[in-house]
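Architecture at a glance
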Amino acid sequence: MAIATTNPATGETLKTFSPDSDALIEQKLAKAARAFESWRKTSFAERAQRLSRVGALLEERKDALGRLMTLEMGKLRKAAVGEIEKCAVGCRYYAENAERHLAPEPVQTDARRSEKRFQPLGAVLAVMPWNFPFWQVFRFAAPATMAGNVGLLKHASSVPQCALAIEELFRDAGYPEGVFQTLLVGAEKVQKIVEDRRIVAATLTGSDGAGRSLGQAAGAQLKKTVLELGGSDPFVVLPSADLDEAVKVAIAARIQNAGQSCIAAKRFIAHQQIAGEFEERFTAGMAALRIGDPSDDATEVGPLSSKQVLDEIDKQVRRSVEAGAKVACGGKRIDRPGFFFQPTVLVNAEGSPAWTEEVFGPVAAVARARDLGHAIALANDTPFGLGAAAFTTDAREIERLTDEIQAGSVFINGMVKSDPRLPFGGIKASGYGRELSAEGIREFVNTKTVWIG
Ligand code: NAP
């Protein structure tokens, strides 16, 4: 894939970038290894001061950085600015909490003193996706560098200006050279970089195919990985729910980022008692969304990020209809420049490709459940296990849903969101490992046992 900026609202390629040469990659790897030797010895206070400066720069530059996202992957202007603000919050969280999360933990044993210590590992490669071009990177970079590691970013080929702007933020915040660098390379270079002895671990956020490929390459070298992959999150609505709220949140959860979010609700499961009304109101809401230019604040759904994503959604909808799903609204690409698809609701969608695969666009698959047990079975009827949401006010149902849904997170009466204070990650084909919170910063450290007799 060419490394280039293509505006998804118009389809125009505005700028192309030459990938880093092998010699430049070598220089960056050497720089990272050198930087680690001194960075790992810096105090938490020094690291926190730098990360706080990045947070301040994010706030200062939020409009310009937001515009880059809108330009390169079509995010709505307001959401793009919101994403930058969230990155600043993430920086603040780790600047304030890293030392606490990584403080040595004394353990009583037969030793005179024994404890767990958490020490940095070295240079970590981060392979990142275009859908949250800043937030995905910061939730790796903030904890990893606060732990004393150094980072190398291989961003998605479609967001090179975002990738370079992130590197610039670290440079402008006064980080020593080599602590955070961007590599402008395509996916085909990843295996060789992971195999390099100076890379000690890797993280990838992206599709399960890319995750498998990185996991294999790193596994062959016995290098630690964290994989944050796709999802097909269920959204369960039960009879005791506040239906107005459930419908409103269902639309927001499906349509965020034009449907291109790993934790967007993708499969909607309504109890048969309220299914008819839910489907009707949800469909009306989806059909009424305003589609258009992502830089116009009246727009509710912008373009998909690329022609490739648009073509894939189009095919998945057609295959789902062939498999028996019914189009309640939408179902077609929009005849205008750029990569637009109609917000779509597919009912009777159980078992169709929209149900069994991840659909990375504004397409909702709906099915009906006979009872709570059936709803839970449908929620778990997926190869993925990232997040799940359910709407009910019944305490017994809440207990069963939070206990029995197989996913990295379950949200009751709210949509699935990431929050620096809470761990984030999946099970099954959604990957392994956790980001954010204490769990996230402990992924790329050596938990060292110290025993002094
Ligand atoms: P993608 O095609 O898998 O790309 C993600 C990153 O992996 C890009 O940097 C890409 O580079 C690279 N890549 C692709 N194939 C690779 C391979 N064989 N080996 C090594 N690297 C490879 O995914 P995407 O379309 O950008 O992003 C959408 C996917 O990300 C969805 O499945 C979504 O659910 C998932 N996602 C998950 C989370 C989470 O936290 N769980 C968050 C956001 C998104 P190129 O761009 O150069 O191809």
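Residues numbered from 1 in each chain as written. Predicted model: local features only at pLDDT ≥ 70, side-chain atom pairs only at ≥ 80, totals over all residues. Heavy atoms only, no water.

Considerations on helix α13 (residues 372–379)
Within an α-helix, residues lying three or four positions from one another point in the same direction, as the helix has 3.6 residues per turn. In terms of burial, α13 is largely enclosed, as six of its eight residues are buried. Contacts made by the buried residues of α13 are with β10 (233–237), β11 (265–271), α12 (353–356), β14 (363–369) and α14 (395–404). N-capping of α13 is provided by aspartate 371, with a side-chain oxygen placed 3.3 Å from the backbone N of glycine 373. (Buried < 20%, exposed > 50% of the residue type's maximum accessible area, 1.4 Å probe, protein only. Helix = DSSP H or I, 4+ residues; strand = E, 2+ residues; numbered from the N terminus. Contact = heavy atoms within 4.5 Å. Polar contact = N/O pair within 3.5 Å; in protein donor to acceptor, adjacent residues only side chain to side chain.)

Quick notes on the nonpolar core
In terms of nonpolar packing, the biggest core is built from 144 residues, with Leu58, Leu125, Phe134, Phe138, Phe235 and Phe282 touching the most fellow members. Tallying contributions element by element places helix α4 (residues 77–101) first for this core, with nine residues. When residues are assigned to domains, this core turns out to be shared by domain 1 (3–229 + 430–452) and domain 2 (233–412), each giving three or more. Sequence-distant contacts of phenylalanine 282, that is, excluding residues within four places in its chain, are made with Val247, Ala250, Ile251, Phe268, Val345, Ala364 and Val366. (Core = buried A, V, L, I, M, F, W, Y, C linked by side-chain atoms within 4.5 Å. Domains from an automatic or database assignment.)

Quick notes on the domain arrangement of the protein
Entries for the protein in the domain assignment read domain 1 (3–229 + 430–452) and domain 2 (233–412). On a C-alpha basis, the centres of domain 1 and domain 2 stand 30 Å from each other. Note on domain 1 versus domain 2: buried area summed over both sides is about 1,800 Å², and carbon and sulfur give 58% of it. The salt bridge involving arginine 77 is made with aspartate 297; its shortest N-O contact spans 3.0 Å. Taken together, domain 1 and domain 2 are joined by eight residue pairs in polar contact (both at pLDDT 80 or more). Elements supplying a minimum of two residues to the side of domain 1 that touches domain 2: β1 (4–7), α3 (62–73) and α4. Grouping the constituent residues of the side of domain 1 that touches domain 2 by class yields seven nonpolar, eight polar and six charged. (Buried area = accessible area lost by both parts, 1.4 Å probe. Salt bridge = Lys/Arg side-chain N within 4 Å of Asp/Glu carboxyl O. Nonpolar A, V, L, I, M, F, W, Y, C, P; charged D, E, K, R; others polar.)

Some details on the site of the ligand
In the neighbourhood of the ligand, 29 residues make up the surrounding shell, with Trp130, Ser157, Ser207, Leu229 and Glu358 lying closest. Between the ligand and arginine 139, the relevant distance is 3.1 Å, taken from an oxygen atom to a side-chain nitrogen or oxygen of the residue. A distance of 2.5 Å separates an oxygen atom of the ligand from a polar side-chain atom of serine 207. If the ligand stood free it would expose 900 Å²; the protein chains cover 85% of that surface. (Near = heavy atom within 4 Å. Areas by Shrake-Rupley, 256 points an atom, 1.4 Å probe, with all protein chains shown as cover.)

Concerning the sheet that holds strand β16 (residues 387–391)
A sheet is described by the order of its strands in space; here seven strands give the open sequence β12-β13-β14-β11-β10-β16-β17, paired in mixed fashion. The open sheet has two edge strands, β12 (326–329) and β17 (409–412), and neither has a second partner. Direction aside, the axes of adjacent strands within the sheet are offset by 25 degrees on average. Across three bridges, the pairing between β12 and strand β13 (residues 344–347) is antiparallel. Residue pairing across strands places cysteine 329 opposite valine 345, the latter belonging to β13. Across the sheet, helix α10 (residues 272–287) touches β10, β11, β12, β13 and β14, and the angle it forms with β11 is around 145 degrees. (Pairing = 2+ DSSP bridges. Axes fitted to C-alpha atoms, helices over the stretch in contact; angles between N-to-C directions.)

Some details on the packing of aromatic side chains
Within this structure, the stated rule accounts for 10 aromatic pairs. Consider the rings of tyrosine 93 and tyrosine 94, whose centres lie 4.9 Å apart with planes at 85 degrees: the pair is edge-to-face. Given a relative accessible area of 10%, tyrosine 93 falls into the buried group. Tyrosine 94 gets classed as buried once you look at its relative accessible area, which sits at 1%. Between phenylalanine 170 and phenylalanine 180, the ring centres sit 4.3 Å apart and the planes meet at 15 degrees, which makes this aromatic pair stacked. Of this pair, phenylalanine 170 sits in helix α6 (residues 160–172) while phenylalanine 180 sits in strand β7 (residues 180–183), and the two are 10 residues apart along the sequence. Of the two residues, phenylalanine 170 and phenylalanine 180, both sit in the buried class. An aromatic cluster of at least three residues, connected via ring pairs, comprises Trp39, Phe138, Phe170, Tyr175 and Phe180. (Phe/Tyr/Trp six-rings, centres within 6.5 Å; stacked < 30°, edge-to-face > 60°.)

Details of the packing of α3 against α4
Between two packed helices, the angle of one axis relative to the other and the distance separating the axes together describe the packing. Where α3 contacts α4, the axes come no closer than 8 Å and their chain directions differ by 125 degrees. By the criterion of interaxial angle, the relationship of α3 to α4 is oblique. Crossing of α3 against α4: the hand is right-handed. Contacts between α3 and α4 involve Lys62, Asp63, Leu65, Gly66, Met69 and Thr70 from the former and Arg77, Ala80, Val81, Glu83, Ile84 and Glu85 from the latter. Class assignment of the residues belonging to the contact of α3 with α4 gives a composition of five nonpolar, two polar and five charged. (Parallel < 35°, antiparallel > 145°, perpendicular 65-115°, else oblique. Left-handed = near helix turned anticlockwise from the far one by under 90°.)

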